[in-house]
Amino acid sequence: MQTIVLDYSDWKVYTLNHDNLQIEEVEDLLTTKHNFRLDEIEWMTVEKLSISEL
């Protein structure tokens, strides 16, 4: 699984690889391990990431 994070504090997009986690576990991973603030990010978890440029 991969989680895509849009960080409004620095206007960057991050991707995190991880096992299949519940929503609470992903939020804990983002805030505890990676020091994101939930009020400054949007995130989404997907099985396979495919990025296309417009």
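These notes cover the structure that comes with them. If you're wondering where the values come from, they're calculated on a predicted model, not measured in any experiment.

By the element assignment, Thr3 lies in strand 1 (residues 2–7). A residue is classified by how much of its surface remains accessible, and Thr3, at 1% relative accessible area, is buried. For Thr3, the side chain forms a polar contact with the side chain of His18, separated by 2.6 Å. Of the polar contacts made by the side chain of Thr3, one reaches the side chain of Thr45; its length is 2.8 Å. In contact with Thr3, not counting residues within four places along its chain, are Tyr14, Thr15, Leu16, His18, Val26, Trp43, Met44 and Thr45.

Our next topic: the nonpolar core. By size, the foremost hydrophobic cluster in this structure holds six residues: Val5, Leu16, Val26, Leu30, Phe36 and Ile41. The residues contacting Ile41, other than those within four sequence positions of it, are Val5, Leu6, Asp7, Tyr8, Leu30 and Phe36.

Side-chain positions along a regular strand alternate between the two faces of the sheet. When strand 1 meets strand 2 (residues 12–17), the two strands line up antiparallel, connected through six bridges. Within the sheet, the bridge partner assigned to Val5 lies in strand 2 and is Tyr14. Hairpin remark: strand 1 followed by strand 2, antiparallel, with four residues in the connecting loop; positive phi at Trp11, about 55°. Both strand 1 and strand 3 (residues 41–46) contribute to a ladder of six bridges, which runs antiparallel. Directly across from Val5, in strand 3, lies its bridge partner Trp43.

Cut-off values and rules
- Residues numbered from 1 in each chain as written.
- Predicted model: local features only at pLDDT ≥ 70, side-chain atom pairs only at ≥ 80, totals over all residues.
- Heavy atoms only, no water.
- Helix = DSSP H or I, 4+ residues; strand = E, 2+ residues; numbered from the N terminus.
- Buried < 20%, exposed > 50% of the residue type's maximum accessible area, 1.4 Å probe, protein only.
- Polar contact = N/O pair within 3.5 Å; in protein donor to acceptor, adjacent residues only side chain to side chain.
- Contact = heavy atoms within 4.5 Å.
- Core = buried A, V, L, I, M, F, W, Y, C linked by side-chain atoms within 4.5 Å.
- Pairing = 2+ DSSP bridges.

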